[in-house]
Amino acid sequence: MLEYDREHILHPYAPSNPSIDMTFVRSARGVYLELEDGKKIIDGMSSWWSVIHGYNVEALNNAAAEQLSKMSHVMFGGITHEPAIKLAKTLIDITDDALERVFFSDSGSVSVEVALKMAFQYWSSQGNSQKSKILAFYKGYHGDTFGAMSVCDPVTGMHSVFEKILHKNIFAEAPGCAYDEAWDDRYIADFASKLEQHHREIAAVILEPIVQGAGGMRIYSPRFLKEVSALCDAYDVLLILDEVATGFGRTGKLFAYEHAGVSPDILCVGKALTGGYMSLAATLTTKKVMAGVESNGNVLMHGPTFMANPLACSVANASLALLLDSPWQQRVLAIEAQLKAELAACNDLDIVKEVRVLGAIGVVELNRDVDLAWMTPKFIENGVWIRPFLNLVYIMPPYVTSREELTQITQAIHAVIKEFEASR
Ligand code: PLP
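Cut-offs applied
- Residues numbered from 1 in each chain as written.
- Predicted model: local features only at pLDDT ≥ 70, side-chain atom pairs only at ≥ 80, totals over all residues.
- Heavy atoms only, no water.
- Near = heavy atom within 4 Å.
- Polar contact = N/O pair within 3.5 Å; in protein donor to acceptor, adjacent residues only side chain to side chain.
- Areas by Shrake-Rupley, 256 points an atom, 1.4 Å probe, with all protein chains shown as cover.
- Salt bridge = Lys/Arg side-chain N within 4 Å of Asp/Glu carboxyl O.
- Helix = DSSP H or I, 4+ residues; strand = E, 2+ residues; numbered from the N terminus.
- Core = buried A, V, L, I, M, F, W, Y, C linked by side-chain atoms within 4.5 Å.
- Buried < 20%, exposed > 50% of the residue type's maximum accessible area, 1.4 Å probe, protein only.
- Domains from an automatic or database assignment.
- Contact = heavy atoms within 4.5 Å.
- Pairing = 2+ DSSP bridges.
- Expected span 1.5 Å × (residues − 1).
- Buried area = accessible area lost by both parts, 1.4 Å probe.
- Axes fitted to C-alpha atoms, helices over the stretch in contact; angles between N-to-C directions.
- Parallel < 35°, antiparallel > 145°, perpendicular 65-115°, else oblique.
- Left-handed = near helix turned anticlockwise from the far one by under 90°.
- Nonpolar A, V, L, I, M, F, W, Y, C, P; charged D, E, K, R; others polar.

> Describe the site of the ligand, with residues and values.
Every residue close to the ligand is listed here: Ser107, Gly108, Ser109, Tyr141, His142, Gly143, Glu208, Asp242, Val244, Ala245 and Lys271. Between the ligand and glycine 108, the relevant distance is 2.9 Å, taken from an oxygen atom to a main-chain nitrogen or oxygen of the residue. Serine 109 places a side-chain nitrogen or oxygen 2.6 Å from an oxygen atom of the ligand. In the complex, 82% of the free accessible area of the ligand, which totals 390 Å², lies under the protein chains.

> Could you give me a rundown of the pattern of salt bridges, with the residues and numbers involved?
This structure, assessed with the given rule, holds 13 salt bridges. The residue arginine 356 makes a salt bridge to glutamate 354 at a minimum N-O spacing of 2.6 Å. The salt bridge partner of arginine 424 is aspartate 371, with a shortest N-O separation of 3.7 Å. With a gap of 53 residues between them, arginine 424 in the segment after helix H13 (403–423) and aspartate 371 in the loop between strand E14 (361–366) and helix H12 (372–381) connect regions that are remote in the sequence.

> Which residues make up the nonpolar core, and what values go with them?
By size, the foremost hydrophobic cluster in this structure holds 128 residues, and its most contacted members are Phe191, Val205 and Ile413. Per-element tally for this core: the top contributor is helix H5 (residues 108–124), with nine residues. Among the domains, domain 1 (2–57 + 327–423) and domain 2 (70–323) are the pair contributing at least three residues each to this core. Leave out the neighbours within four places in its chain, and valine 205 touches Leu135, Phe137, Phe191, Leu195, Val228, Cys232, Val237, Leu238, Leu239 and Ile240. Within the second largest apolar cluster, seven residues are counted, among which are Ala63, Leu311, Val315 and Ala318.

> Kindly report on the pairing of strand E1 (residues 25–29), identifying the contributing residues and their values.
Both E1 and strand E2 (residues 32–35) contribute to a ladder of four bridges, which runs antiparallel. If you follow valine 25 over to E2, its bridge partner there is leucine 35. Hairpin geometry of E1 and E2 is characterised by an intervening segment of two residues between the two adjacent antiparallel strands and by a positive phi of about 60 degrees at glycine 30.

> So, helix H8 (residues 222–235): which residues are in play, and what are the values?
For H8, which comprises 14 residues, the first-to-last C-alpha distance of 20 Å matches the rise-based estimate of 20 Å (1.5 Å per residue) to within 8%. The backbone nitrogen of arginine 223 lies 3.0 Å from a side-chain oxygen of the residue at the head of H8, namely serine 221. A positive phi of about 55 degrees marks aspartate 236, the residue just after H8.

> Tell me about the domain arrangement of the chain, and name the residues and values.
In terms of domain boundaries, the chain breaks down into domain 1 (2–57 + 327–423) and domain 2 (70–323). Between domain 1 and domain 2, the C-alpha centre-to-centre distance is 27 Å. The interface is formed by 27 residues belonging to domain 1 together with 29 residues belonging to domain 2. When domain 1 packs against domain 2, the two sides together hide about 2400 Å² of surface, and 65% of this comes from carbon and sulfur.

> Could you give an account of the packing of helix H4 (residues 82–94) against helix H10 (residues 310–325), naming the residues involved and the relevant values?
Viewed as axis vectors pointing N to C, H4 and H10 meet at an angle of 40 degrees, and their least axial separation amounts to 8 Å. Considered as vectors, H4 and H10 are oriented oblique to each other. Here H4 and H10 pass one another in a crossing that is left-handed. Contacts from Pro83, Ala84, Lys86, Leu87, Thr90, Leu91 and Ile94 of H4 reach H10 at Pro310, Cys313, Ser314, Ala316, Asn317, Leu320 and Leu324. Broken down by class, the residue content of the contact of H4 with H10 amounts to 10 nonpolar, three polar and one charged.

> So what's going on with the sheet that holds E1? Which residues, and what values?
The strand order E1-E2-E3-E15 describes an open sheet built from four strands, whose pairing is mixed. Of all strands in the sheet, those bounded by a partner on one side alone are E1 and strand E15 (384–385). Pairing of E2 with strand E3 (residues 40–43) involves three bridges; the strand directions are antiparallel. What sits directly across from leucine 33, in E3, is isoleucine 41.

As structure tokens, this is what we get:
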């Protein structure tokens, strides 16, 4: 099977026919992935931020099975169903009061595409087609589709590969003020000046609240987000917050924008929405934005085949019930305290540039890029699944990870980085 995989199947950002084998996972339960040889390793990544309750969760399995026996899918054009209505109601209840309209889609990237369309159509439907750009941030990441790529970091994103065909947007300096750092107005100066200069052509600002994820795993000050929000109001520019990675408790608040007490015009969620069971995302917005989009008889121009897939919505309903009925915040804050205490040991290694922790997110930034082919088997030998990128060894474990399991993860990180340092 591995040979077939190597020859025929493409994996994320990987060459076809790669020189190293994929790790073959046979099954998964709790926080453990079971490999082909029967070895069980702890998933430190929650399958890229999504599997917050762990794998093979009875309540989610039951929700899927029950919905399967009713209908796994039905088109959403002209049709509606209980799983979607229930999920929309929960999302509206748990997010900011002003967010009252929900658009369901298939993935985080598509939720961003929909958010961008909402922003452009909001202005164009009202006769303002001059507002055709987005103000985004360096080190941001919003997905891999074309609209989403056009607002990702232009240097580490894929702009050079797709330069000729990407929509040209405007970029402000990445948030430079760390989470606990004292505020200084110079941190917002670049953003403020770009907005002042270009606001007439800017439809919306987009950013990941508090944590810039795949663009560099950077954790920044809530004050920065507050300033961005205030400036968007002042210049009459919409604010899109992308909580695809940070949503549903990951940072210690249900949504990361709560750290700053701001209110987005448009909000993207995905990943953990279904507890990582299947692909589903949503874009929420306000009555005001939808009224703008629908001015002069227009409608929002999007409609995927699997929009509001009933199976995915049912699992999302079960996942949100499980989350909201659990002491999720206590768990996430306990993980945060343990990560801070245990990852601090990495600071003693010369190769480590910085250790950062917020909620159930731990980042060890090295002063050189990792060697994935060398590191992956080392982590597996240490009983954990961790997938670093560039110079970042980072984790976002499931919220149900026990103290002992988390210690195994942090010890593995320390041991493998130490060995990496010695081997270079
Ligand atoms: N937005 C953010 C902040 C993300 O972290 C990601 C994925 O990592 C996306 C959007 C894209 O989501 P998806 O991979 O589901 O398309």
